[in-house]
Amino acid sequence: METTRRRLRAEVWIVLGLSLGQSAAYAVVNLLARLTAETPLRDQATALNPSRSPRPYLDLTYQLLSLGFALVPVALALYLLSEPGRRATSRIGLTLSRPGRDLAVGAGLAALIGIPGLGLYALGRALGVTVEVQAATLDAAWWAVPVLILAALKNALLEEVVAAGYLIERLEQLGWRAPSVVAASALLRGAYHLYQGPGPGLANVAMGVVFAEYYRRRRRTMPLVVAHTLLDVVAFVGYALLPTELLASLGLG
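Residues numbered from 1 in each chain as written. Predicted model: local features only at pLDDT ≥ 70, side-chain atom pairs only at ≥ 80, totals over all residues. Heavy atoms only, no water.

Our next topic: unusual backbone geometry. Among all residues save glycine, negative phi is the norm, and among peptide bonds the norm is trans. Of note in this structure, Arg219 is not a glycine but carries a positive phi near 60°. Within the secondary structure layout, Arg219 lies in the loop between helix H9 (198-218) and helix H10 (222-241). Overall, the relative accessible area of 26% leaves Arg219 in the partly exposed class. (Helix = DSSP H or I, 4+ residues; strand = E, 2+ residues; numbered from the N terminus. Buried < 20%, exposed > 50% of the residue type's maximum accessible area, 1.4 Å probe, protein only.)

We now examine the UniProt feature "transmembrane region" (unreviewed entry) in the protein chain. Mapped onto this numbering, the UniProt entry gives "transmembrane region" (unreviewed entry) at residues 12-33, 60-82, 103-123, 143-168 and 224-242. Overall, residues 12-33 shows 91% helix and 0% strand. The separation of its end C-alpha atoms is 28 Å. (UniProt positions renumbered as here; feature names shortened; annotations may be inferred.)

Under the criterion given, the structure shown has 10 salt bridges. For Arg91, the salt bridge is made with Glu169, and the minimal N-O distance between the two is 3.3 Å. Residue Arg91 is found in helix H5 (residues 88-91), and its partner Glu169 is found in helix H7 (residues 144-173); the two are separated by 78 residues along the sequence. A residue is classified by how much of its surface remains accessible, and Arg91, at 7% relative accessible area, is buried. According to the relative accessible area criterion, Glu169 is buried, its value standing at 9%. Counted as one network, the salt bridges with shared partners bring together Glu83, Arg91, Glu169, Glu172 and Arg219. (Salt bridge = Lys/Arg side-chain N within 4 Å of Asp/Glu carboxyl O.)

Our focus in this paragraph is the environment of Met222. Inspection of the secondary structure assignment puts Met222 in helix H10. Distance in space between the C-alpha atoms of Met222 and Val205 is 20 Å, their sequence separation being 17 residues. Ignoring anything within four residues of it in the chain, the contact list for Met222 reads Gly93, Leu94, Thr95, Leu96 and Asp102. (Contact = heavy atoms within 4.5 Å.)

Further remarks concern the packing of helix H4 (residues 72-81) against H7. Here H4 crosses H7 at 25°, and the two axes come no closer than 9 Å. Relative to H7, the element H4 lies roughly parallel. As H4 packs across H7, the resulting crossing turns out to be left-handed. Of the residues in H7, those in contact with Pro73, Val74, Ala77, Leu78, Leu80 and Leu81 of H4 are Leu157, Leu158, Val161, Val162, Tyr166, Glu169 and Arg170. (Axes fitted to C-alpha atoms, helices over the stretch in contact; angles between N-to-C directions. Parallel < 35°, antiparallel > 145°, perpendicular 65-115°, else oblique. Left-handed = near helix turned anticlockwise from the far one by under 90°.)

The next subject is H9. Taking 1.5 Å of rise per residue, the 21 residues of H9 would be expected to cover 30 Å, and the 30 Å separating its terminal C-alpha atoms lies within 8% of that figure. Pro200, Gly201, Asn204, Met207, Gly208, Phe211, Ala212, Tyr214 and Tyr215 are the residues of H9 that are buried. The arc enclosing the buried residues of H9, seen along the axis, measures out at 160°, which places them on a common side. Away from its buried face, by an angle of more than 90 degrees, H9 presents the exposed residues Leu202 and Arg217. Positive backbone phi, at 60°, marks Arg219, one or two positions downstream of H9. (Expected span 1.5 Å × (residues − 1). Arc of directions from axis to C-beta.)

Here it is in structure tokens:
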């Protein structure tokens, strides 16, 4: 039994080290660099979906490669969660068995998180504890919007499969109690968003509590993936399509 627990602990560290744990470590260092820079935090900016080449089709190639390789940890987590006679996708509720209900719940969660989140972002900008988040800086190529939608789906799959489904399943197997499991998932989610500043980090901890508790009670990641995708599509595509003047008035550009 103890050997199994040691292997599970090692497995969790490896999966996180290849995915969101690595992102969290870089985000913490990035935040420290921002806080110790001469430029105040309120005057700094970060781009979530930057262009990777001035040549459009080469940029598209880089974007698609980045999206594809970012999903490898998702495949790894699903592989490790699989059991004889039971698929990992069924285990964590990443299925299309209840499309109507999952879409409705996902939309509700997106509204619950997104509307207060926009207000917290504006408040954070006013208080100087949040950097300017440029959700998309891709050139105006024909493929920009489809790629941004794929990026939103990639983020949703990576974060909800790893931070919600995989991590919660494994921590429960290791004997963690519910409050500790929810806290670990939520703190991880907040940590890898710290590159945006302390404000978004705390906001994502709150989001993480809601999402982790939902998964713990319902055992379905699909509504979480739907919610996360909707939130990012609105942010990414809206940023790409809205006029610069309107974005500036909202404190988004």
